[in-house]
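# Report on the structure
Each chain, letter by letter, is given below.
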Amino acid sequence: SSGGEGGGGSGGEHSYPSAEHLRSVQEQSGILYTLIPTHHLGAVIGAGGVVVTKLCDDTGTRVVASGAREFYPGTKDRIVTIEGPICGIRAALKFITEAVFTDYFLRKTTENAERAHAAPDAADVAAATLAAAAATDA
């Protein structure tokens, strides 16, 4: 293959885009669609839209979620559109991904803590009673 747009070698060598080409791509605008589970969308939007407003201001993008009852077919996931400069879209997507993962792990941690402190159900009481009885018989 020949050098191509980025200048590069010939033959078996790879051709990489030049820094100038990468800068021109970064300045272009685009649109990206992603899916976010409904129960994690609050981590992206924030109370009163504060988080998403700051995200848009910081990245120069427009971030819009589908309506409250508009899901990707066959899921309970909302469609989120990120529009703007390519570098802004990348930054916004990174933030959104981190916000969703953080929310996911916080929810799991909270659920596990609640389970650990929850009142035992009848099966737990019965199992503990049988285990105590078996220990005293031994």
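Residues numbered from 1 in each chain as written. Predicted model: local features only at pLDDT ≥ 70, side-chain atom pairs only at ≥ 80, totals over all residues. Heavy atoms only, no water.

## Notes on the overall build of the protein
Tallying secondary structure elements over the protein gives five helices and three strands in all. Listing each helix as α and each strand as β along the protein from the N terminus yields α-β-α-α-β-β-α-α. Taken over 138 residues, the protein has a buried fraction of 20%. The contacts in the protein between residues at least 6 apart in sequence include a share of 56% that link residues at least 24 apart. (Helix = DSSP H or I, 4+ residues; strand = E, 2+ residues; numbered from the N terminus. Buried < 20%, exposed > 50% of the residue type's maximum accessible area, 1.4 Å probe, protein only. Contact = heavy atoms within 4.5 Å.)

## With respect to the nonpolar core
Buried together is how nonpolar side chains tend to be arranged in soluble globular proteins. Counting residues in hydrophobic clusters, the biggest one holds 14 residues, and the most contacted among them are Ile36, Val44, Val63, Val80, Ile82 and Ile96. Per-element accounting of this core gives the leading share, five residues, to helix α4 (residues 86-117). Among residues more than four places away in sequence, those in contact with isoleucine 36 are Leu41, Val44, Asp77, Arg78, Val80, Ile96 and Val100. (Core = buried A, V, L, I, M, F, W, Y, C linked by side-chain atoms within 4.5 Å.)

## Thoughts on the sheet that holds strand β3 (residues 77-85)
Sheet strands line up and pair through hydrogen bonds in the backbone, either parallel or antiparallel. Pairing is antiparallel across the open sheet formed by three strands, whose spatial order is β1-β3-β2. Sheet topology places β1 (29-37) and β2 (62-65) at the edges, where each strand pairs with a single neighbour. Neighbour to neighbour, the strand axes of the sheet diverge by 20° on average, direction disregarded. Here β2 runs beside β3; their pairing, made up of four bridges, is antiparallel. The residue of β3 that forms the bridge with valine 63 is isoleucine 82. (Pairing = 2+ DSSP bridges. Axes fitted to C-alpha atoms, helices over the stretch in contact; angles between N-to-C directions.)

## Some details on a nonpolar patch on the surface
Taken together, the side chains of Phe101, Tyr104 and Phe105 present a nonpolar region at the surface, about 330 Å² in accessible area. Looking at the element boundaries, phenylalanine 105 is found in helix α4. (Patch = residues over 30% accessible without salt bridge, like charges linked within 9 Å, V, L, I, M, F, W, Y side chains within 5 Å. Areas by Shrake-Rupley, 256 points an atom, 1.4 Å probe, with all protein chains shown as cover. Salt bridge = Lys/Arg side-chain N within 4 Å of Asp/Glu carboxyl O.)

## Considering the packing of aromatic side chains
All chains considered together, the criterion is met by one aromatic pair. Between tyrosine 104 and phenylalanine 105 the ring centres are 5.0 Å apart and the planes differ by 80°, which places this aromatic pair in the edge-to-face class. (Phe/Tyr/Trp six-rings, centres within 6.5 Å; stacked < 30°, edge-to-face > 60°.)

## A look at the pattern of salt bridges
The full count for this structure, using the stated rule, is four salt bridges. Between aspartate 58 and lysine 54 there is a salt bridge; the shortest N-O distance is 2.7 Å. Here aspartate 58 and its partner lysine 54 are both found in helix α3 (residues 50-59), four residues apart, which amounts to about one turn of the helix. For the salt bridge of lysine 94 with glutamate 98, the shortest nitrogen-to-oxygen distance reads 3.9 Å. Of this pair, lysine 94 and glutamate 98 both sit in helix α4, four residues apart, roughly one helical turn. For lysine 94, a relative accessible area of 55% puts it in the exposed group.

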